[in-house]
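# Descriptive analysis of the structure
Each chain, letter by letter, is given below.
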Amino acid sequence: MGLPDTDGHIVLEGVTKLFGDFRAVDDIDLTIAKGEFFSLLGPSGCGKTTTLRMIAGFEEPTVGRILLEGEDVTYVPAAKRHVNMVFQAYALFPHMTVWDNIAFGLKIKKVPRDETEQRVAEAMGTVRLEGMEKRRPGQLSGGQQQRVALARALVNKPAALLLDEPLGALDLKLRKEMQLELKRIQTDTETTFVYVTHDQEEALTMSDRIAVMDRGLVEQVAAPRELYERPATSFVAGFIGVSNVIRLRPDRRQDGLVVMDAGEGQRIVAPAPAGGASGDLLVTVRPEKIKFEEVGEPASRLSATVTDVVYVGSMTAYIVELPIGGQLTIHRLNDEIRHASRPVRVGDRVTLHWAAEASFVIGPADETTGRTLGEGIEA
C-alpha cells in the first residue's frame, strides 16, 4: 500500500521526557502519516515505550508538544484522546464473552444497541473471529485472545491504534503468522498503527516506516529497505540485521571511489562520500554481499581464514579472520552452497570479494564512533 497524505496525523515536536535526572526521551521530532504502519524499534531502555505512552496520554512530556490530527493534545488525559492502546498483556475480562469484551467500550460510551451490534460484527469480521462470540477468553488460544484485544480497540474507530509489543507473549510460529495478520488488518482498516518492538524482523516485516531509537534518541527514520541498505549511523547498521562495520582509511580517490590498500593486491573500495569528506570513514557491508568468488570490477578484495561455520536453516554463516586484523561475517544460501565445487571449511584460506556499491559509507569515523558497532574490522 502506498503511503497516504504525508501531512502529520501524529506529530511530536522537540519532545523530551525526564524521570528525575534520567533522560528517557531526548528532544525527538517525529511525524506519522495518516494510515501509516509506523514502528518504534530499539533495545530495552531506548525510550520507545515511553514515547508511545506519551502519545497515548499516560505520560506527559517534560518539554515539547504532541499533536493528534492537528490538535495539541500534550496535556489532554488519555481517556479523552481519540486513540486506543493494545498491550502485551491483553487485559481481557475473563468472565465476559468475546462479544461482551469487544463491545465493552461502546457500552461505556452508551452507543445505541443496533450500532453496537453492527460495529462489533464488523470488528470480529476484520480480525476473523466470526462464530466465537459466546466463548470466554479462557477458551481461546493466545492468538485468538490477541485478536479479541485488537477488535476491542478497533471497534472504537480510533484515530490511531498504539501497540506495545503485543506479540511478545506468543510462540515464534504464531508470532510470524500474526505479523502478517496485523499488517492485513492495518491495511484493510486504513487505521494509523504506531507499533513498539525490539524485534528487527517484526518491524521490517510490517512497517511502512521505522524510527530506530537508542538511549532516548531517534537514530534514523526510514522505510525498511532504506534502513537496511543505507543505515545513517553505526548503531542502526549493527542493530538492523547483521552488518560488518569497517573503519576505512582512504589511501586514494579515483573515479568517484575511495580506496584503502591493504597490501599484496588487497583493498577495500567504497563510493566516495558527498562533500569530499577527508579522514577515516565508517563503512558497512552486509554479510550476504560478500562472496568467495570474483564479482567484477571495481570491487573490494581481502584474504582471510575461516574460523567458524554455522548452519542457520536456509543459510550458512562463515566467520573469517583477516590478516590485517578483525573479523567479518559472510552469509551464503544453502542452495548456493550445494552447487559449489567444494565446500568451505574451518581453517580454509579464502579470498573475499564484494562490489564497490555494496560498501555503504555511514560517515566520518570520528562522528560515529562511540556507538554500538556490529561485527567489524579495524584496518
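Described in the following lines is the structure provided in the data block. (Residues numbered from 1 in each chain as written. Predicted model: local features only at pLDDT ≥ 70, side-chain atom pairs only at ≥ 80, totals over all residues. Heavy atoms only, no water.)

## Let's talk about the layout of surface pockets
Which parts of space are left empty comes out when a probe the size of a water molecule is rolled across the atoms. What counts, and what does not: Computed over the protein atoms alone on a 1 Å grid, cavities are sets of points where a 1.4 Å probe fits but cannot get out and pockets are open sets with protein on both sides within 12 Å along at least five of seven lines; a residue lines them when it has an atom within 4 Å of a point. Grid points are joined across faces, edges and corners, and a volume is the space filled by probe spheres set on the points. Counting from the N terminus, the helices are the DSSP runs of H or I reaching at least four residues and the strands are the DSSP runs of E reaching at least two. Under the grouping applied here, Gly and all other residues not named as nonpolar or charged are polar, the nonpolar ones being Ala, Val, Leu, Ile, Met, Phe, Trp, Tyr, Cys and Pro and the charged ones Asp, Glu, Lys and Arg.
Looking at the largest pocket, its volume works out to about 660 Å³. Val83, Asn84, Met85, Ala153 and Asn156 are the residues nearest the centre of the largest pocket, which is lined by 24 residues in total. Secondary structure elements with two or more residues in the lining of the largest pocket: β6 (83-86), α2 (98-108) and α4 (142-154). Of the residues belonging to the lining of the largest pocket, the class tally is 17 nonpolar, four polar and three charged.

## Considerations on the packing of aromatic side chains
Applicable threshold: Stacked, edge-to-face and tilted are the three classes for Phe, Tyr and Trp ring pairs, Trp counted by its six-membered ring, which pair at centre distances within 6.5 Å; planes under 30 degrees apart are stacked, over 60 edge-to-face, the rest tilted. With a 1.4 Å probe rolled over the protein chains alone, any residue whose accessible area is under 20% of its type maximum counts as buried; one over 50% counts as exposed, and the rest are partly exposed. Two thresholds decide whether a charge sits over a ring: the Lys NZ or Arg CZ must be within 6 Å of the ring centre and within 35 degrees of the ring normal.
One pass over the structure, following the stated rule, counts six aromatic pairs. Look at phenylalanine 58 and phenylalanine 87: their rings are 6.4 Å apart centre to centre, the planes differ by 35°, and that puts the pair in the tilted class. Of this pair, phenylalanine 58 sits in the loop between α1 (48-56) and β4 (63-68) while phenylalanine 87 sits in the loop between β6 and α2; the two residues are 29 residues apart in sequence, bridging distant segments of the chain. Take phenylalanine 87: its relative accessible area is 33%, and that puts it in the partly exposed class. Seen in terms of ring centroids, phenylalanine 93 and phenylalanine 104 are 4.8 Å apart; in terms of plane orientation they differ by 50°. Their pairing is tilted. In this pair, phenylalanine 93 sits in the loop between β6 and α2 while phenylalanine 104 sits in helix α2, placing the two residues eleven residues apart along the sequence. We classify phenylalanine 104 as partly exposed; its relative accessible area is 30%. The structure contains a cluster of three or more aromatic residues connected by ring pairs, namely Phe37, Phe193 and Tyr195. One cation-aromatic arrangement involves lysine 17 over phenylalanine 19; the distance from NZ or CZ to the ring centre is 5.2 Å.

## Some thoughts on the pattern of salt bridges
The condition that has to hold: Salt bridges are identified by distance alone: a Lys or Arg side-chain nitrogen within 4 Å of an Asp or Glu carboxyl oxygen.
In the structure shown here, the tally under the stated rule is 27 salt bridges. Residue arginine 184 pairs with glutamate 181 through a salt bridge whose shortest N-O separation is 2.6 Å. Placement of both arginine 184 and glutamate 181 in helix α5 (residues 172-189) is noted, with a separation of three residues, approximately one turn of the helix. Across this residue pair, the class does not change: arginine 184 and glutamate 181 are buried.

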